[in-house]
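Topology and contacts: notes
The primary structure of each chain is shown beneath.
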Amino acid sequence: MGTLDYLVILFYFIGLIAVSVVMSRKIKSSEDMFIAGRNSSWWLSGVSSYMTIFSASTFVIWGGVAYKSGLVATTVALCVGVASLFIGKWISAKWRELKIKSPGEFLTVRFGHTTLSFYTIAGIIARAAHTAVALYAVAVVLCALVKVPDGSIFASTGFAGDSPEGYLSIWWALGILGLIALVYTVVGGFLAVLMTDVIQFGVLISVVVFMIPLSFNAVGGVGEFIDRAQNIPGFFSATSETYTWLWLVLWVILNVAMIGGDWPFVQRYISVPTKKDAKWSTYLIGVLYFVTPLIWYLPTMVYRVLEPGMALDLDQTALTYNGEHAYVNMSKMVLMSGMVGMMLAAMLSATLSNVSGILNVYANVYTYEIWGYKEKNRNADEKTRIKVGRIFTIFFGLLIIVLSMLIPFAGGAEKVVITILTMILCPLYIPSIWGLFSKRLTGNQLIWAMVITWIIGVTAKLTVPASVINPTIIESLSGCVLPVVILTVLEIWSRSRNRVDEGYETVRGYLDEAADVEPDERMKKATKAYSFMAVSCFCITLGVIALLLIGLIIARDPKTMAVSGIVWSFILSIAGLIAAYVIYRYIDYRRNR
């Protein structure tokens, strides 16, 4: 990367922190800090949820799958869209109909504080490890692109697990990225998370969309790409030996559990004004996952056909390695100076969004349901609650950074991510959703169901040979199917004894009548203001990218001038979007003056 790329990344991070400082001025209460005062619009919540699913694995792991296996990576992503539509129809509105301030409050009311403590401890351990792996994955990408002179304090140490000589040390990369996410989450709270998610979405979608015509140009056109790709066995198949129809069905179930019950998503469902907004926010996730997967994975699919011999003579290990670096290599091949830095910023954005969401939601639960549960803290003022939330965010963020620094000694990132997500985290999502609908499940039953699930799952993972059952199927069955089976048995057992858990009746008292009615003028005004701020952030992001490209044209950058038609088309598209927004704002101003 060149100097311009480093400057782009630097100013990008400065921009994120600046946004968090601006948002901090709007935090007047703990509800503002953790659920945006329930004033998030449905589309803002939906985009933020969409970005929460992202991490560097979207580019490194699943981009690698697209490189190796082609269209099946898109099929895997479409399953997330199917799951989101299911959640929008039956689950997300159930969360918003409750007048709760955090996902943990639901667990406390429905199942008791012991169950919440169990969930919090298990969730912090599993989520910290999962988030640390995501942070490590994007740090690897950063290190592969940032060269550092030998002898510099930032240079690779040469220790096992560190970057190659002459590149940024993996431990410096982890520390820098982790601290950036930590700072803007601590300062700006959930409002900053929402706004920076929109900025990150703008960077991601614009840079990857820009890469697609450049990628096709490099290969000689769409027709040439298709002709070459047809020579790769199974490249345009919807499934593969690894990602079978059974695996895809289990993947849908896993994502229903995750998007329907994981705390960062629940936080977004309860941050909107009404049940209808919660539904629409989840439908938006589904629509985006039906539209964007092919956009994300086309660059790596094109890169595969540009490889010598289309990499048909490589073994699986070499294919996996090449696939994990395909996005970076394609970026360096087709993008001009400055835009490579923007692409790296896009990859960093994906993971930072994920990290910031995790930090904020666990601070939310800790502040309201762990620290706030103690008798002496129940009447604490809002300023104290905000302070406690920020302190917890700092400590949890530092824990994640430390864990990420241990990853180089722990093996492959993909194996750790998939195992943790399916075998530990997914079983935690399912009982929360179950408790929304079931009046019989108790807190003790929930805990025992999780313990039994983990014991059986880990035992099967360690004892069943891969030749008998594919390890990924074992992980998916133990994470998705087994807890449902156990909970069904417990449900039938409780029904046979006509038992109704008192927590279910207590939850009925938390129904929010305001969730079914049109918001009042004050809330409409606040929601509209946040929406305008978010769209403004989005347009400013696109405008900066357009100005960067115009600067490259003025400077007669050779790589830019070689594809000037594509560049000008992209600039004019951005200009049209910004102009449409400015006109809309002007009309709205005249109407409400």
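Notes on the structure in this doc start here.

Cut-offs used in this document
- Residues numbered from 1 in each chain as written.
- Predicted model: local features only at pLDDT ≥ 70, side-chain atom pairs only at ≥ 80, totals over all residues.
- Heavy atoms only, no water.
- Helix = DSSP H or I, 4+ residues; strand = E, 2+ residues; numbered from the N terminus.
- Rg over C-alpha atoms; globule rule 2.2 N^0.38 Å.
- Buried < 20%, exposed > 50% of the residue type's maximum accessible area, 1.4 Å probe, protein only.
- Salt bridge = Lys/Arg side-chain N within 4 Å of Asp/Glu carboxyl O.
- Axes fitted to C-alpha atoms, helices over the stretch in contact; angles between N-to-C directions.
- Parallel < 35°, antiparallel > 145°, perpendicular 65-115°, else oblique.
- Left-handed = near helix turned anticlockwise from the far one by under 90°.
- Contact = heavy atoms within 4.5 Å.
- Polar contact = N/O pair within 3.5 Å; in protein donor to acceptor, adjacent residues only side chain to side chain.
- Core = buried A, V, L, I, M, F, W, Y, C linked by side-chain atoms within 4.5 Å.
- Phe/Tyr/Trp six-rings, centres within 6.5 Å; stacked < 30°, edge-to-face > 60°.
- Lys NZ or Arg CZ within 6 Å of the ring centre and 35° of its normal.
- Patch = residues over 30% accessible without salt bridge, like charges linked within 9 Å, V, L, I, M, F, W, Y side chains within 5 Å.
- Areas by Shrake-Rupley, 256 points an atom, 1.4 Å probe, with all protein chains shown as cover.
- Expected span 1.5 Å × (residues − 1).
- Lys, Arg positive; Asp, Glu negative; His and termini not counted.

**Some points on the overall build of the protein chain**
The helix and strand tally for the protein chain stands at 25 helices and zero strands. Scaling as 2.2 N^0.38, a compact globule of 593 residues should have a C-alpha radius of gyration of about 25 Å, and the protein chain matches this with 24 Å. In terms of its C-alpha atoms, the protein chain occupies a principal-axis envelope of roughly 75 × 70 × 50 Å. Buried residues in the protein chain amount to 58% of all 593 residues.

**Here we look at the pattern of salt bridges**
Where charged atoms from two side chains of opposite charge come close, those side chains can pair. Per the stated rule, a full pass over the model turns up 13 salt bridges. Where Glu97 meets Lys275, a salt bridge forms, and the shortest distance between an N and an O atom there is 3.7 Å. Residue Glu97 is located in the loop between helix H6 (92–96) and helix H7 (103–111), and its partner Lys275 is located in helix H13 (residues 275–291); the two are separated by 178 residues in the primary sequence. Look at the salt bridges and you will find they share partners, linking Lys94, Glu97, Lys275 and Asp516 into a network.

**Remarks on the packing of helix H8 (residues 113–145) against helix H18 (residues 382–406)**
The N-to-C vectors of H8 and H18 enclose an angle of 60°; their axes lie 8 Å apart at closest approach. For the element pair H8 / H18, the angle class is oblique. For the crossing formed where H8 meets H18, the hand is right-handed. Contact residues: Ile124, Ala128, Ala129, Thr131, Ala132, Leu135 and Tyr136 in H8; Phe392, Phe396, Leu399, Ile400, Ile401, Leu403 and Ser404 in H18.

**Focus: the side chain of Asp512**
Structurally, the position occupied by Asp512 is in the loop between helix H22 (502–508) and helix H23 (521–554). Residue Asp512 is classed as buried on the basis of its relative accessible area of 9%. At a separation of 3.0 Å, a polar atom in the side chain of Asp512 contacts the side chain of Arg96. When neighbours within four sequence positions are excluded, Asp512 is seen to be in contact with Arg96, Glu97, Leu98 and Lys99.

**Observations concerning the nonpolar core**
Counting 193 residues, the largest nonpolar core has Phe225, Leu335, Met339, Met343 and Leu549 as the members making the most contacts within it. For Phe225, the contacting residues outside a window of four places in its chain are Phe216, Val219, Phe235, Phe236, Leu298, Met301, Val302 and Val305.

**As for unusual backbone geometry**
Notably, Ala36 is not glycine yet its phi reads approximately 55°, a positive angle. Examined against the element boundaries, Ala36 turns out to sit in the loop between helix H2 (30–35) and helix H3 (42–53). The buried category is assigned to Ala36, whose relative accessible area is 0%. The backbone of Met310 shows a phi angle near 55°, a positive value even though the residue is not glycine. Counting through the fold element by element, Met310 comes out in the loop between helix H14 (293–306) and helix H15 (316–324).

**Points about the packing of aromatic side chains**
What describes a pair of aromatic rings is the distance from one ring centre to the other and the angle between the planes of the rings. Evaluation of the coordinates by the stated rule reveals 28 aromatic pairs. Ring centres 6.1 Å apart and planes at 55° place the aromatic pair Trp42 and Trp280 in the tilted group. Separated by 238 residues along the polypeptide, Trp42 in helix H3 and Trp280 in helix H13 bring together distant segments of the chain. Grouping aromatic residues by their ring pairs yields a cluster made of Trp263, Tyr362, Tyr366, Phe392 and Phe396. Across the ring face of Tyr67, the terminal group of Arg304 is positioned such that the distance to the ring centre comes to 5.5 Å. Over the ring of Tyr373 we find Arg378; its NZ or CZ atom is 5.1 Å from the centre of that ring.

**Describing the environment of Met258**
Relative to the helices and strands, Met258 resides in helix H11 (residues 245–261). Judged by its relative accessible area of 9%, Met258 is buried. Spatially, the C-alpha atom of Met258 lies 8.9 Å from that of Leu428, the residues being 170 residues apart in sequence.

**A word on a nonpolar patch on the surface**
On the surface, Leu4, Leu7, Leu10, Phe11 and Ile14 cluster together into a nonpolar patch covering about 450 Å² of accessible area. As for its position among the elements, Leu10 is in helix H1 (residues 3–24). On the accessibility criterion, Leu10 (46% relative accessible area) is partly exposed.

**So, helix H17 (residues 339–371)**
A rise of 1.5 Å per residue sets the reference length of H17, with its 33 residues, at 48 Å; its end C-alpha atoms lie 45 Å apart and thus fit the reference within 8%. Extensive coverage of H17 is indicated by the burial of 31 of its 33 residues.

**Considerations on the side chain of Asp277**
Turning to its location among the elements, Asp277 is positioned in helix H13. The buried charged residue Asp277 lacks any salt bridge partner; its closest oppositely charged side chain belongs to Arg96, at an N-O distance of 6.9 Å. Residue contacts for Asp277: discarding those within four places in its chain leaves Trp42 and Val272.

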